[in-house]
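Structural overview
One letter stands for each residue in the lines below.
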Amino acid sequence: MDRCEYCGRILHINRSDKYFLCSKKCKQKFKNKIDILNTNKFVLNLVSKEWISVNDIVSSNTNKFEIVSSISRLIYFEKKLIKKEKGEINLITNISIKKR
Ligand SMILES: [Zn+2]
């Protein structure tokens, strides 16, 4: 099962020849590596070893899609975060830092 390398959702149709990307939007955003790093940093600063919901992280923010995508990548690809619930990530999913 492949996932979009930007948003982390399960890939149904690949819109890229080189990478796994689910949409034009993800393809566009995937190019901006500085934005990606900054969003990852923002997320990692808010998450600790305590559970926090995705909603608590995005609630005060306008770029929800970017933040939820970052959370997905940090769980599925970078494996820096873990989630409490099974299934796909949504606003009520609880996440925390992966313990070593
Ligand atoms: Zn995507």
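Counting starts from 1 at the beginning of each chain's written sequence and moves along it residue by residue. With pLDDT at 70 or above as the cut-off, local features in this predicted model cover only qualifying residues; side-chain atom pairs require 80 or more to be listed or tallied, and sums for whole chains, interfaces and linings still use all residues. The basis for every side-chain value is the complete set of non-hydrogen atoms in the structure, without hydrogens or water.

For Na, K and Ca the donor cut-off is 3.2 Å, while for other metals it is 2.8 Å, and in both cases only N, O and S atoms qualify; water is not among them, so sites may look incomplete. Looking at the zinc ion, the protein donor atoms are C4 (SG), C7 (SG), C22 (SG) and C26 (SG), and they sit 2.2 to 2.4 Å from it. Irregular is the default label, applied whenever a site is not tetrahedral (four donors, all angles between 85 and 135 degrees) and neither square planar nor octahedral (four or six donors, opposite donors over 155 degrees apart, all other angles between 65 and 115). Classification of the site at the zinc ion as tetrahedral follows from its four donor atoms and the range of 103 to 115° in their angles at the metal. Along the chain, the residues that donate to the zinc ion are spaced as C-x2-C-x14-C-x3-C. Taken together, the residues C4 in the segment before α1 (24–30) and C26 in helix α1 connect sequence positions 22 residues apart. Runs of E in the DSSP output that reach at least two residues are strands. Runs of H or I that reach at least four are helices, and both are numbered from the N terminus.

Note on pairing: two strands pair once DSSP finds at least 2 bridges between them. With respect to topology, three strands assemble into an open sheet ordered β1-β3-β2, the strand pairing being antiparallel. Each of the sheet's edge strands pairs with one partner strand only, and the pair in question is β1 (52–53) and β2 (81–83). In this structure, β2 lies alongside strand β3 (residues 94–97), joined through three bridges in antiparallel fashion. In the sheet register, I82 faces β3, and the bridge partner there is S96.

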